[in-house]
Amino acid sequence: MSVLDDPGLFGRLWAAGYDNGPNPDPGPAVDFLEGLADGGPVLELAIGTGRVALPLAARGLAVEGVEASEEMVAQLRAKPGGEQLPVAIGDMADVPVTGPFTLAYLVYNTLFNLVDVRRQEDCFRNVARVLAPDGAFVIEAYVPDPADMDRSEQQVQVRDVTEDSATIRLHRFDRAAQTFVRQTIRFDAQGVHLKPFGMRYAWPEQIDQMAEQAGLRLAERYADWHRRPFDGDSQSHVSVYRRS
């Protein structure tokens, strides 16, 4: 079993500084999701530190979450309103909640954090199980670009250099499996520190196929949360699935 199969790994390694990272403004996502929620209740898979869930809850929606990392949930609980959100600790692929929900969502490429295609398929099936008959499942993900993979494989990315430490980042892609391993390595006086991360990426049409296998159909697709049209040049997509 790979360390990357552990659903709580990302949170344990990154929770402490996650909110200080390059996370996008949640406002457009919150506006988009609120419009689909139909009054709730709402489920966020991989709720993390509550970057999206807390603003949604502040608008009066009943929001629940699933999160594998207790460290991430601790960050959420420390924020205003965080103590009130129900969060199930568990693997998002299992969707360990009952529902029904008028809206479920996975933002910021998080579907790809499930590094096995079978677990991604499990996630769709289990979301379909807890959706209300007229509910929606929203996925935000990037569109894979083989040119980016080539550039990442050929580079050592220097992340930080000081008098006391240096941090670099490396990638290894498996094109056949549609996976990559990223290793962030920090060198300092205490030694070498590793922060591994992996993804199983998929193209939009492959995500559509997983949805169809779970009894869901693509209802809407946009290039971003602002509902800009999706086309062949789009680098990301926001896709809305509903029951077939």
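Just so we're clear, the structure is a prediction, and the values are computed from it rather than from any experiment. Starting afresh in each chain, residues are numbered from 1 along the sequence in its written order. Where totals are concerned, whole chains, interfaces and linings use all residues; where local detail is concerned, this predicted model gives features only for residues with pLDDT of at least 70, and gives and counts side-chain atom pairs only at 80 or more. Only hydrogens and water are removed before side-chain values are computed, so all heavy atoms of the structure are retained for them.

It is worth spelling out the UniProt feature "domain: Methyltransferase" (unreviewed entry) in the protein at this point. The feature "domain: Methyltransferase" (unreviewed entry), as annotated in UniProt, sits at residues 42-135 in this numbering. Comment: elements are numbered from the N terminus, with helices defined as DSSP H or I runs of at least four residues and strands as E runs of at least two. Secondary structure across residues 42-135 comprises 30% helix and 24% strand; the distance between its end C-alpha atoms is 10 Å. UniProt positions are given in the numbering used here, feature names are shortened, and annotations may be inferred rather than shown by experiment.

We define a salt bridge as a contact between a side-chain nitrogen of Lys or Arg and a carboxyl oxygen of Asp or Glu at a distance within 4 Å. Following the criterion strictly, the structure yields 12 salt bridges and no others. Here Asp-31 and Arg-59 are joined by a salt bridge, their closest N and O atoms 2.8 Å apart. With a gap of 28 residues between them, Asp-31 in helix α2 (residues 27-37) and Arg-59 in the loop between α3 (53-58) and β2 (63-67) connect regions that are remote in the sequence. A salt bridge links Asp-94 to Arg-119; its shortest N-O distance comes to 2.9 Å. One end of the pair, Asp-94, is in the loop between β3 (87-89) and β4 (101-106); the other, Arg-119, is in helix α5 (residues 117-130), with 25 residues separating them in the sequence. Classification of Asp-94 as partly exposed rests on a relative accessible area of 36%. Through salt bridges with shared partners, one network takes in Asp-91, Asp-94, Arg-119, Asp-122 and Arg-125. Categorising residues by exposure relies on relative accessible area from a 1.4 Å probe, with only protein chains included: less than 20% of the type maximum marks a residue as buried, more than 50% marks it as exposed, and the intermediate range marks it as partly exposed.

Moving on, we come to the sheet that holds β3. For two strands to pair, DSSP has to find at least two bridges joining them. Pairing is mixed across the open sheet formed by 7 strands, whose spatial order is β3-β2-β1-β4-β5-β11-β10. Either end of the sheet is taken by a strand with one partner, and the two such strands are β3 and β10 (216-222). For this sheet the average axis-to-axis angle between neighbouring strands, irrespective of direction, equals 20°. Relative to strand β5 (residues 131-142), β4 runs parallel, the two sharing 5 bridges. In the strand pairing of β5, Leu-106 is matched with Ile-139. Its contacts with the sheet place helix α7 (residues 204-213) against β10 and β11 (236-243), and it is angled at close to 15° to β11. Angular values range over 0 to 180 degrees, each being the angle between N-to-C directions of two axes fitted as lines to C-alpha atoms, with helices fitted over their stretch in contact. Note on contacts: a residue pair is in contact if any heavy atoms of the two residues lie within 4.5 Å.

The pairing test for Phe, Tyr and Trp rings, Trp by its six-membered ring, is centres within 6.5 Å, and the orientation test on the planes gives stacked under 30 degrees, edge-to-face over 60, and tilted for anything in between. A full pass over the atoms with the stated rule returns 10 aromatic pairs. Relative to Tyr-222, the ring of Phe-32 lies with its centre 6.0 Å away and its plane at 75°, an arrangement referred to as edge-to-face. Of this pair, Phe-32 sits in helix α2 while Tyr-222 sits in strand β10, placing them 190 residues apart in sequence. Like Phe-32, the residue Tyr-222 is buried in the burial classification. Summarising the aromatic geometry, the rings of Phe-124 and Tyr-241 are spaced 5.9 Å apart at their centres and angled 90° between planes, so their arrangement reads as edge-to-face. Here Phe-124, found in helix α5, pairs with Tyr-241, found in strand β11; they are 117 residues apart in sequence, far enough to count as distant. Among the aromatic residues, those joined into a ring-pair cluster are Phe-10, Tyr-18, Phe-173, Phe-180 and Phe-197. Between the NZ or CZ atom of Arg-221 and the centre of the ring of Phe-230, over which it lies, the distance is 5.8 Å. Only Lys NZ and Arg CZ are tested; either one counts as a charge over a ring when it is within 6 Å of the ring centre and within 35 degrees of the ring normal.

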